[in-house]
4 protein chains.
Amino acid sequence: MSANSFGQILRLTSFGESHGQAIGGILDGFPANISISLSDIQAELDKRKPAQIGIGSNRQENDQIEILSGIFQGKSLGSPIAFLIRNTDARSQDYEALQNLYRPGHADDTYSAKYIHRDHRGGGRASARQTAVWVAAGAFAKILLNAKGIDIKAYTEQIGDCKLEIPYTDLDLTHIYTDRLRCPQETKSLEMQNLLKQTAKDGDSLGGVILGLIQNAPQNLGEPIFDKLHARLGMAMLSIPACRGFEFGCGFKAASMKGSEHNDLWLGKSNQTLHNYAGGIRGGISTGEDIYFRLAFKPIASIGKPQKLLSSTGDLIDYSLSGRHDICCVPRAVPIVEALSALVIADFLLLQQCSRITNTHTNAH
Amino acid sequence: MSANSFGQILRLTSFGESHGQAIGGILDGFPANISISLSDIQAELDKRKPAQIGIGSNRQENDQIEILSGIFQGKSLGSPIAFLIRNTDARSQDYEALQNLYRPGHADDTYSAKYIHRDHRGGGRASARQTAVWVAAGAFAKILLNAKGIDIKAYTEQIGDCKLEIPYTDLDLTHIYTDRLRCPQETKSLEMQNLLKQTAKDGDSLGGVILGLIQNAPQNLGEPIFDKLHARLGMAMLSIPACRGFEFGCGFKAASMKGSEHNDLWLGKSNQTLHNYAGGIRGGISTGEDIYFRLAFKPIASIGKPQKLLSSTGDLIDYSLSGRHDICCVPRAVPIVEALSALVIADFLLLQQCSRITNTHTNAH
Amino acid sequence: MSANSFGQILRLTSFGESHGQAIGGILDGFPANISISLSDIQAELDKRKPAQIGIGSNRQENDQIEILSGIFQGKSLGSPIAFLIRNTDARSQDYEALQNLYRPGHADDTYSAKYIHRDHRGGGRASARQTAVWVAAGAFAKILLNAKGIDIKAYTEQIGDCKLEIPYTDLDLTHIYTDRLRCPQETKSLEMQNLLKQTAKDGDSLGGVILGLIQNAPQNLGEPIFDKLHARLGMAMLSIPACRGFEFGCGFKAASMKGSEHNDLWLGKSNQTLHNYAGGIRGGISTGEDIYFRLAFKPIASIGKPQKLLSSTGDLIDYSLSGRHDICCVPRAVPIVEALSALVIADFLLLQQCSRITNTHTNAH
Amino acid sequence: MSANSFGQILRLTSFGESHGQAIGGILDGFPANISISLSDIQAELDKRKPAQIGIGSNRQENDQIEILSGIFQGKSLGSPIAFLIRNTDARSQDYEALQNLYRPGHADDTYSAKYIHRDHRGGGRASARQTAVWVAAGAFAKILLNAKGIDIKAYTEQIGDCKLEIPYTDLDLTHIYTDRLRCPQETKSLEMQNLLKQTAKDGDSLGGVILGLIQNAPQNLGEPIFDKLHARLGMAMLSIPACRGFEFGCGFKAASMKGSEHNDLWLGKSNQTLHNYAGGIRGGISTGEDIYFRLAFKPIASIGKPQKLLSSTGDLIDYSLSGRHDICCVPRAVPIVEALSALVIADFLLLQQCSRITNTHTNAH
């Protein structure tokens, strides 16, 4: 089944627990004969590094990717690309006391109910550490998108109640990753940083919102009925730990709009409208305009303040969590949003190639 | 591929264009030896009938389901259940003038770009008529859920800016379908009806919000990483035409909450918390508490007010849409939300049975 | 799951019991904008008609296909093509006495064990009647293959111990369907017919062998490891009722050959060898040469001679089968072999289009 | 797509080229809370070691499995089990001269046509080395089968024209792996060994036949129509490099039998027949009797005798292959047949658990 796999033509199967030997994945369906720069892949992975925001987790996840297959002489073979990232600096002893305890807001209790046997160390399989695998796979997908001129971006739009109100069309999105919080407006980022520092002092945590953006996609991606472009994007985004909601175009605001307002007015060219309120998708298929969407993240469950834990025998236990934890997952989720977007779009791009009978097989790249 | 199929063990494959011969589907993976009442199936289908709100579409979709296979002597065979609903009262001539025109807010342009050849009559494959197939399939799924005591509900929470503010836990949800708008509070429903009438007079349309609720699900549904319960629910809901967003638990509100607020406090039993802000899902797996979520719908694209259409040659054309159209899709989407929820939960229920090695094969029902 | 579905990009999902309302299927993934001649589809279906061999089943399966979706104005829409064939002339009363009896060589006992509730009429879901659905779907696949110049043939090579010893390369394969037994050599066909007549008189039945042939396939179909072209062909052929074995190229004879004999010698052009002992497939991928394979069929289980039946309570019952039965399934299986071959090849053809990044989307047909 | 994956509930995704960094796989869907002995897994892998027959390949594939995830404290977690086997003792320089040459009987030309960029070293992805991954995965599947009392065996029945004529029911199958050729009859094994020695001297190679046997399977495995037990077994077996044919029960011999001969006579208990000519499968579903089948293997393509190679530019080149090669793949394929059988049966066993609604979730193991 697809529980640990994602995608149809370009398909990632992932593995690994937070404190196990390694995390990694197999990316199947990547076309052959494409040049791969391993330093580009590593550079994407580095975007996800923790601790760079100066606040929160001090776990030194100096993640180095090791490619095991699928690439030869710098080019893809068309065979599965397997890769792994060794787990280092995992302080499993921090978690020993938690072996039979369920933390509030974590998946400890549901994993115990479902699997009986559970790896309690650092969240095990439920840890967000898994997302490093997605970022690595997404880096490969981006190579395909680059070849087609498709551009993918994401940025922090909100942390706690501190919100960037300017629409993406009025922002300079070229330097997102030079900002600690992956926020494209410096003054707002500084506000957010102050908020995070205060929250850290309070022993608390925050949530937020990310905006995702896909530009220059062709006017034919996505499938009708059950594989609509936004449904597949939504499923991908809702897979990110702590994600609580997904919307595209006007999203939840559309519920209060009138048809005469929301209907995108044609500008006289087939794929251009005045406002693009549809978010670049009509009938589940890309319109050729910008595709944009938002994800909401809940605050991180691990907080400094003491909270009661539940024991497997049903008792409430006073506990202050040690371990190293982020205050807000949003900045680190930005490259994850990009990676999953790239995987979704690349998959639909390849899938679209099956939907026509071509006259000649083009071998070009 | 899965473009027209949904589910893994219990899998619906759907077919049909709005004005073609018939719509229908094949439901594969339905367990054998289960009693099926066809009148129960038809009753679910009747919930989706249009025109019952007295406002909007007058198309008489008197949908009668015909079962072609999979049931013998009133019980399921374990073979695929195929069914169809003939398309009647389809006034295709209403659409003749639209053959080479793209309506604003519809999928006319994207279908043309993707498929070149398009059935322009009544939206063709992109029509919401397809959802009748989902409701029929969901009626079968509900038979499985009933056997397990799992209960599924949905209701209209918002139409336009008219919003029901009372939480679901304080509402009487037993008579949702006796209300024209599928709104569980009569005074609010009347407000909504007045708003709809005024909007109809204005030649405009409205969106809204539906709340979905799943009760008595066991504490083990959903799979980690890419098949999280909420991700699969989200994908299903985002497949509904006009859906623009999905959230579960506190949803987008969680973005502004602090960890100390949002973390669900244990009540001392493994699957009970004080607030259930998590919406009954932790780590992608059901907690045993109520699962609840919200969907936002954009206003219906077809409106009475004149709007410019785009011709396939790039010209803007003045046009007033004829045809019969709803003012708001929300009331008719309520049974669709129920049906897709039932399909998702029944699928995970069957899938969960593969996750353990049983000692004995139980044949019971 | 895939129990009632076949194919990845071009995917058939089938339904129907032998004596139910109808049999039929949904063919998903068929490219848009392709001209479809319904009389061509019906003509393929007519090839499978029984009773034309003048010996055996008298069931008048005058199968008429009804298309429910996916085609508009004579061209495919890219949406699922649903079709059905009503079950007529089904004499269910012939089977009444068999409700709790298991016939030797039939699937009565295994279906009862697996599903508990069973449609005993005419074999129910286990009936070879289902193959009419495959032939209809294969007729669509052939339209795609014709557009690419790929040719598919099959013929009767052996019935009982009467065997056509001439290799396919020395036979005239243009008039296979004018022969009652689908045997390309008249004298051998007459021998087979005499053998069948004698067998009918004896109240017995026969098996046989079919040779399948795919010509002009490109040099890139099939996938390595688990989706080898011959593995997928083998799986398809072994799905045909009564099929007991599949081999390609030299098949089982290769087991006794030496490497120096079996290795195909190059003729100096990349895709041509002296003998093509490999059957047109190397490493699971088509070589561009003829793809040929053989299937063995067991004799039909329903025979005139009395045989003991097993009751569901474990008793042995003397019984002479009534009902209308073929003496040998091989002639009627010939178009089925063609249809499944066409489905496999068309699916790999579309799949291969995903394996490269194309520079431009070609819309042609 | 499934090109590098196998199975539906228990699903192996494999990776690796013969001379790359490593081969390995991810086994997804393995139930949680099952005790795993790594030495048992390694012991299965050791059965496949080359060079133990004293004839043929001297590559020291001292394959050591490394488990990366899915197991914690000696028990499965229900998360994907990832494992790898490093490639050591790969003498890539042996293959340098072959970079632009296509060997007869190998997949060099088809891989070049399909992928353009090819790893020529040791066959790359097309190498039989990949089967070590299958054996490792099969070792996990066997743990599940052992818990159910299902037993899987395979043995060498024929090498070249030297054939073991005794049926499996009359052989002692307890010591297959103590025989160098995995042949259960010592005198026949010695004959085969002499034949292999002579063939090695002649610079040639041989094919052969393996018999596979599955005992104590329940009476409900396999799905109708497209996922018949024998069709899935056949697809698995045809995936083994050099396999040219698959048959079950009487196989190709059934083609010459009469119905009155071939029909299995009931013995008066539901799942017992006089001869089990059906090979333990009726209608694609296991009967509860022994499941047995045969696979034919062509002779190994790499031979000592000089043969002409084809250059990528179309020239014929005289060449004597160096490198280390087996004379016959059959003995080493025996554990592969077992492993794939175990994967197929375990997958159907889990899948069958989805086909009923259970009253209670049994957590036992």
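That block above? That's the structure.
Every chain is numbered on its own, with residues counted from 1 as its sequence reads. All chains are assigned letters beginning at A, and all ligands numbers beginning at 1, according to the order in which they are written. pLDDT decides what is reported in this predicted model: residues at 70 or higher carry local features, side-chain atom pairs at 80 or more are listed and counted, and totals for whole chains, interfaces and linings draw on all residues regardless. The side-chain values count all of the structure's non-hydrogen atoms but skip hydrogen atoms and water molecules.

(A) Geometry of the overall build of chain A. Under the scheme used here, helices are H or I runs from DSSP no shorter than 4 residues and strands are E runs no shorter than 2 residues, and both carry numbers assigned from the N terminus. Along its length, chain A carries seven helices and 17 strands. For the radius of gyration, the atoms used are the C-alpha atoms, and the globule rule reads 2.2 Å times the number of residues raised to 0.38. Since a compact globule built from 365 residues should have a radius of gyration of about 21 Å, the 21 Å found for chain A is in line with a globular shape. Each principal axis of the C-alpha atoms in chain A carries an extent, and together these give about 65 × 50 × 35 Å. With a 1.4 Å probe rolled over the protein chains alone, any residue whose accessible area is under 20% of its type maximum counts as buried; one over 50% counts as exposed, and the rest are partly exposed. A buried classification covers 68% of the 365 residues belonging to chain A. Contacts were defined at the residue level, with two residues in contact if any of their heavy atoms lie within 4.5 Å. Taking as baseline every contact in chain A between residues at least 6 positions apart, the subset at least 24 positions apart corresponds to 71%. Accessible surface computed for chain A: about 11,200 Å², of which carbon and sulfur atoms make up 47%. His is not counted here, nor are the chain ends, while Lys and Arg score as positive and Asp and Glu score as negative. To locate a charge, the coordinates of NZ of Lys, CZ of Arg, CG of Asp or CD of Glu are taken. For chain A, the distance from the average position of its 37 positive side-chain charges to the average position of its 37 negative side-chain charges is 2 Å. All accessibility values rest on the Shrake-Rupley procedure with a 1.4 Å probe; residue burial counts only the protein chains present in the view.

(B) Focus on the packing of aromatic side chains. Residues and elements named next belong to chain A. What counts as a ring pair is set by centres within 6.5 Å for rings of Phe, Tyr and Trp (its six-membered ring), and what kind of pair is set by the plane angle: stacked under 30 degrees, edge-to-face over 60, tilted for all other angles. Under the criterion given, the structure shown has 27 aromatic pairs over all chains. Taken together, a centroid distance of 5.6 Å and an interplanar angle of 35 degrees make the contact between Phe246 and Phe293 tilted. Of this pair, Phe246 sits in strand β12 (residues 243-248) while Phe293 sits in strand β15 (residues 291-297), and the two are 47 residues apart along the sequence. Considered together, Phe246 and Phe293 belong to a single accessibility category, that of buried residues.

(C) A look at the interface of chain B and chain A. Opposite the 101 residues of chain B that make contact, chain A presents 100 residues. When two parts are put together, the accessible area they lose, computed with a 1.4 Å probe and summed over both, is reported as buried area. Interface area for chain B against chain A, summed over the two sides, is near 8,000 Å², with a carbon-plus-sulfur share of 62%. On the chain B side of the contact with chain A, Lys114, Phe226 and Trp266 of chain B bury the most area, a combined 12% of that side's loss. Here, a salt bridge means any Lys or Arg side-chain nitrogen found within 4 Å of an Asp or Glu carboxyl oxygen. Our enumeration of links across chain B and chain A arrives at four salt bridges. Under the rule applied, a polar contact is a pair of N or O atoms within 3.5 Å (in protein, one hydrogen donor and one hydrogen acceptor; residues adjacent in sequence only if both atoms are side-chain atoms). Counting every contact that joins chain B to chain A gives 43 residue pairs in polar contact (both at pLDDT 80 or more). Its residues assigned to classes, the side of chain B that touches chain A shows 46 nonpolar, 35 polar and 20 charged. By definition, two strands form a pair when at least two bridges between them are found by DSSP. Across three bridges, the pairing between β12 of chain A and strand β12 (residues 243-248) of chain B is antiparallel. Counterpart to Glu247 of chain A in the pairing with β12 of chain B is Gly245 of chain B. Each residue receives one of three labels: charged for Asp, Glu, Lys and Arg, nonpolar for Ala, Val, Leu, Ile, Met, Phe, Trp, Tyr, Cys and Pro, and polar for the others, Gly being one of them.

(D) Representation of the interface of chain C and chain B in the model. Opposite the 43 residues of chain C that make contact, chain B presents 43 residues. With both chains or domains summed, chain C and chain B bury close to 3,500 Å², and 60% of this area falls on carbon and sulfur atoms. Counting across the chain C and chain B interface gives two salt bridges. Linking Glu66 of chain C and Arg86 of chain B is a salt bridge whose minimum nitrogen-to-oxygen distance equals 2.9 Å.

(E) Structural context of the relation of the copies chain B and chain A. C-alpha atoms of residues with pLDDT of at least 70 in both copies form the basis for the least-squares superposition of the copies. When chain B is fitted to chain A, the best match, at an RMSD of 0.0 Å, comes from turning it 180 degrees and sliding it 0.0 Å along the axis. In symmetry terms, the pair is related by a two-fold rotation axis.

(F) Region of interest: the state of the cysteines. Pairs of cysteine sulfur atoms within 2.5 Å are what we label disulfides. Scanning the entire structure with this criterion turns up two disulfides over all chains. Between the sulfur atoms of Cys354 of chain A and its disulfide mate Cys354 of chain C the distance is 2.2 Å. Taking the sign of the S-S torsion, 55 degrees for the link of Cys354 of chain A and Cys354 of chain C, the bridge is right-handed. With Cys354 of chain A in the segment after α7 (330-352) and Cys354 of chain C in the segment after α7 (330-352), the pair connects residues from two separate chains. Each member of the pair, Cys354 of chain A as well as Cys354 of chain C, is classed as buried. Cys183 of chain D supplies the cysteine sulfur nearest to Cys162 of chain D, a cysteine that is in no disulfide, at a spacing of 7.7 Å.

(G) The arrangement of a nonpolar patch on the surface in detail. Residues and elements named next belong to chain A. Each patch is built from residues that are more than 30% exposed by relative accessible area and take part in no salt bridge. Like charges join if they lie within 9 Å; nonpolar side chains (Val, Leu, Ile, Met, Phe, Trp, Tyr) join within 5 Å. A contiguous nonpolar surface patch, about 260 Å² in accessible area, is contributed by Leu265, Leu267 and Leu274. Considering the arrangement of structural elements, one finds Leu274 in the loop between α6 (259-262) and β13 (281-282). Leu274 sits in the partly exposed class, given a relative accessible area of 48%.

(H) Summary view of the pairing of strand β7 (residues 81-86) of chain B. Residues and elements named next belong to chain B. A large share of β7 lies buried, amounting to five of its six residues. With six bridges joining them, strand β3 (residues 22-28) and β7 adopt antiparallel strand pairing. Its bridge partner being in β7, Ile26 is matched across the sheet by Ala82. Relative to β7, strand β4 (residues 65-67) runs antiparallel, the two being bridged by three bridges. Of the residues in β7, the one forming a bridge with Ile67 is Phe83.

(I) Region of interest: the pattern of salt bridges. A complete count under the given rule lists 76 salt bridges over all chains for this structure. Here Asp108 of chain A and Arg118 of chain A are joined by a salt bridge, their closest N and O atoms 3.4 Å apart. Residue Asp108 of chain A is found in helix α2 (residues 108-115), and its partner Arg118 of chain A is found in the loop between α2 and α3 (131-148); the two are separated by ten residues along the sequence. Overall, Asp108 of chain A belongs to the buried group, its relative accessible area being 6%. For Arg118 of chain A, a relative accessible area of 12% puts it in the buried group. Two residues, Asp109 of chain D and Arg282 of chain C, come together in a salt bridge whose shortest N-O distance is 2.7 Å. With Asp109 of chain D in helix α2 (residues 108-115) and Arg282 of chain C in strand β13 (residues 281-282), the pair connects residues from two separate chains. Each member of the pair, Asp109 of chain D as well as Arg282 of chain C, is classed as buried. What emerges from the salt-bridge pattern is a single network uniting Glu44, Lys47, Lys142 and Glu338 of chain A.

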